[in-house]
Amino acid sequence: MKKMLLVINPNSGKAQIKYRLLRILQVLSSAGYEVTVYPTKAPKDGYEYIVKNEGRYDVIACSGGDGTLNETVGAVLQYKGAKPPIGYIPSGSTNDFASSLNIPKGMVRAAQNIVSGRLFSCDIGIMNNSRSFNYVAAFGAFTKVSYATPQHLKNMLGHQAYVIEAVKSLTALKPHYMRICCDEKNVQGRYIYGMVSNTESVGGVKGLTGPGIDLQDGYFEVTLIKEIRNPVDMQLLVTAFLTQAFDRCERMYSFKTRHISFESQETVSWTLDGEFGGEHNKVTFDVLPKAVDFIAAPKNA
């Protein structure tokens, strides 16, 4: 019998896992899996458990938000031997990466996807040769929203909680002077937002990362938003978000690269998959091509 580890964040997404867990286990068990359930108790708890149990499971699955998936992928990347495929049952408030893989939003349907889906070898990002991220690393406006939003608001309001915090952050936009270097171009200037991504949507917004997204092409998408200097600039940016015509907004631009560095005189806060990624005045990002296998939706789904 095949063995599966299911790591769950019991507090994620209005704590809905407690109402769905039995049905999820029935789906997985009926497909021939012996399932071990591990509820996380604190940040990094799931990560440490997965690392400690290398080689014991044929599939590593997790249920939670983007942070739970980040820990799961980071742990599997530490394996010295074969890396088992990763199944995901999203239960967070936005779940951008799950959407990019066409994983169903319903938790029981996502479990069914784990037993019937296809393997999808996906690029993973690495910051400063140490910490991984699945789909986005970012600095500037809105980046504190995901980890600064209180859990009780996430549970009550879902995605609306992020919108509330994002609107509040507009009053405190602070540009950062950055020197940005990669093989494709070197630029410098004052930016209110920058991100390095491998996803079709960020914060539920599609198109922000540019056209032609391929999660296994060995490239990041980089998006930069320039300093807001006056009300006209603000209106251009707001219009771009309302219409999602980002390619026509002169205050922002996107490009692709395999390796990129950001340097500033002051320390800047970064987020990785919506979790706090530390404060740095110099960071580098590299692509790990097709580093892990996710269980994505079947091609005909």
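Presented here is a report on the structure given in the accompanying data block. (Residues numbered from 1 in each chain as written. Predicted model: local features only at pLDDT ≥ 70, side-chain atom pairs only at ≥ 80, totals over all residues. Heavy atoms only, no water.)

A short note on the overall build of the chain
Then, number 1: Each helix and strand counted, the chain has nine helices and 15 strands in total.
Then, number 2: Within the chain, contacts between residues separated by at least 24 positions form 73% of all contacts whose residues are at least 6 apart in sequence.
Then, number 3: Carbon and sulfur atoms make up 51% of the accessible area of the chain, which amounts to about 14,000 Å² in all. (Helix = DSSP H or I, 4+ residues; strand = E, 2+ residues; numbered from the N terminus. Contact = heavy atoms within 4.5 Å. Areas by Shrake-Rupley, 256 points an atom, 1.4 Å probe, with all protein chains shown as cover.)

Regarding the packing of helix H1 (residues 17–30) against helix H5 (residues 107–116)
Then, number 1: Viewed as axis vectors pointing N to C, H1 and H5 meet at an angle of 25°, and their least axial separation amounts to 9 Å. When the axis of H1 is compared with that of H5, the two are roughly parallel. Of the two possible hands of crossing, H1 and H5 adopt the one that is right-handed. Between H1 and H5, the residues in contact are Ile 17, Arg 20, Arg 23, Ile 24, Val 27 and Leu 28 and Met 107, Val 108, Ala 111, Gln 112, Ile 114 and Val 115, respectively. (Axes fitted to C-alpha atoms, helices over the stretch in contact; angles between N-to-C directions. Parallel < 35°, antiparallel > 145°, perpendicular 65-115°, else oblique. Left-handed = near helix turned anticlockwise from the far one by under 90°.)

Some remarks on unusual backbone geometry
Then, number 1: Of note in the backbone geometry, Asn 102 takes a positive phi value of approximately 60° without being a glycine.
Then, number 2: Along the polypeptide, Asn 102 turns up in the loop between helix H4 (96–100) and H5.
Then, number 3: The phi torsion at Lys 290 lies on the positive side, around 45°, for a residue other than glycine.
Then, number 4: Along the chain, Lys 290 turns up in strand E15 (residues 275–296).
Then, number 5: We classify Lys 290 as partly exposed; its relative accessible area is 49%. (Buried < 20%, exposed > 50% of the residue type's maximum accessible area, 1.4 Å probe, protein only.)

Considerations on the nonpolar core
Then, number 1: In this structure, Ile 24 and Phe 294 are the most contacted members of the largest nonpolar core, which totals 56 residues.
Then, number 2: Ranked by size, the runner-up nonpolar core spans 21 residues in total, among them Met 127, Ala 137, Val 222 and Ile 260. (Core = buried A, V, L, I, M, F, W, Y, C linked by side-chain atoms within 4.5 Å.)

Points about the packing of aromatic side chains
Then, number 1: For the structure shown, the criterion picks out eleven aromatic pairs.
Then, number 2: Three or more aromatic residues joined by ring pairs form one cluster here, namely Phe 133, Phe 139, Phe 220, Phe 262, Trp 270 and Phe 285.
Then, number 3: Of note, Lys 2 hangs over the ring of Tyr 33, and the distance from its end group to the ring centre comes to 4.5 Å. (Phe/Tyr/Trp six-rings, centres within 6.5 Å; stacked < 30°, edge-to-face > 60°. Lys NZ or Arg CZ within 6 Å of the ring centre and 35° of its normal.)

Quick word on the pairing of strand E3 (residues 59–64)
Then, number 1: Counting buried positions along E3 yields six of six residues, so the element is predominantly enclosed.
Then, number 2: Neither face of E3 is open: one carries Val 59, Ala 61 and Ser 63, the other Ile 60, Cys 62 and Gly 64, and all of them are buried.
Then, number 3: One ladder, built from five bridges, connects strand E1 (residues 2–8) with E3; its direction is parallel. For Met 4, the partnering residue across the bridge sits in E3 and is Val 59.
Then, number 4: Note: E3 against strand E4 (residues 86–90), five bridges, orientation parallel. Across the sheet, residue Ser 63 finds its bridge partner in E4, namely Ile 89.
Then, number 5: You can see the chain leave E3, run along helix H3 (residues 66–77) and come back into E4, and the turn it takes is right-handed. (Pairing = 2+ DSSP bridges. Right-handed = clockwise from strand over helix to strand, strands pointing away.)

A closer look at the pattern of salt bridges
Then, number 1: This structure, assessed with the given rule, holds six salt bridges.
Then, number 2: Across the pair Glu 266 and Lys 174 runs a salt bridge, and its minimum N-O distance is 3.5 Å. Taken together, the positions of Glu 266 in strand E14 (residues 259–272) and Lys 174 in the loop between helix H8 (159–169) and strand E8 (176–182) put the pair 92 residues apart, joining distant regions of the chain.
Then, number 3: Overall, Lys 174 belongs to the partly exposed group, its relative accessible area being 49%.
Then, number 4: Notably, a salt bridge pairs Glu 227 with Arg 190, separated by 3.2 Å at the nearest N-O pair. Pair noted here: Glu 227 is in the loop between strand E12 (220–226) and helix H9 (231–243) and Arg 190 is in strand E9 (residues 186–197), with a separation of 37 residues, a long-range link.
Then, number 5: Under the relative-accessibility criterion, Glu 227 is labelled partly exposed at 23%.
Then, number 6: Arg 190 sits in the partly exposed class, given a relative accessible area of 40%.
Then, number 7: Each member of the salt-bridge network shares a partner with another, and the members are Asp 217, Glu 221 and Lys 256. (Salt bridge = Lys/Arg side-chain N within 4 Å of Asp/Glu carboxyl O.)

Looking at H1
Then, number 1: Between its terminal C-alpha atoms H1 stretches 19 Å, which fits the 20 Å expected from 14 residues at 1.5 Å a residue.
Then, number 2: Of all the bends in H1, the largest measures some 25° and sits at Arg 23.
Then, number 3: Residues of H1 that are buried: Ile 17, Ile 24, Val 27 and Leu 28.
Then, number 4: Where the residues of H1 are buried, they touch E1, strand E2 (33–39), E3, E4 and H5.
Then, number 5: Looking one or two residues past H1, Gly 32 carries a phi angle of roughly 95°, positive in sign. (Expected span 1.5 Å × (residues − 1). Bend = angle between axes of the 7 residues up to and from the residue.)

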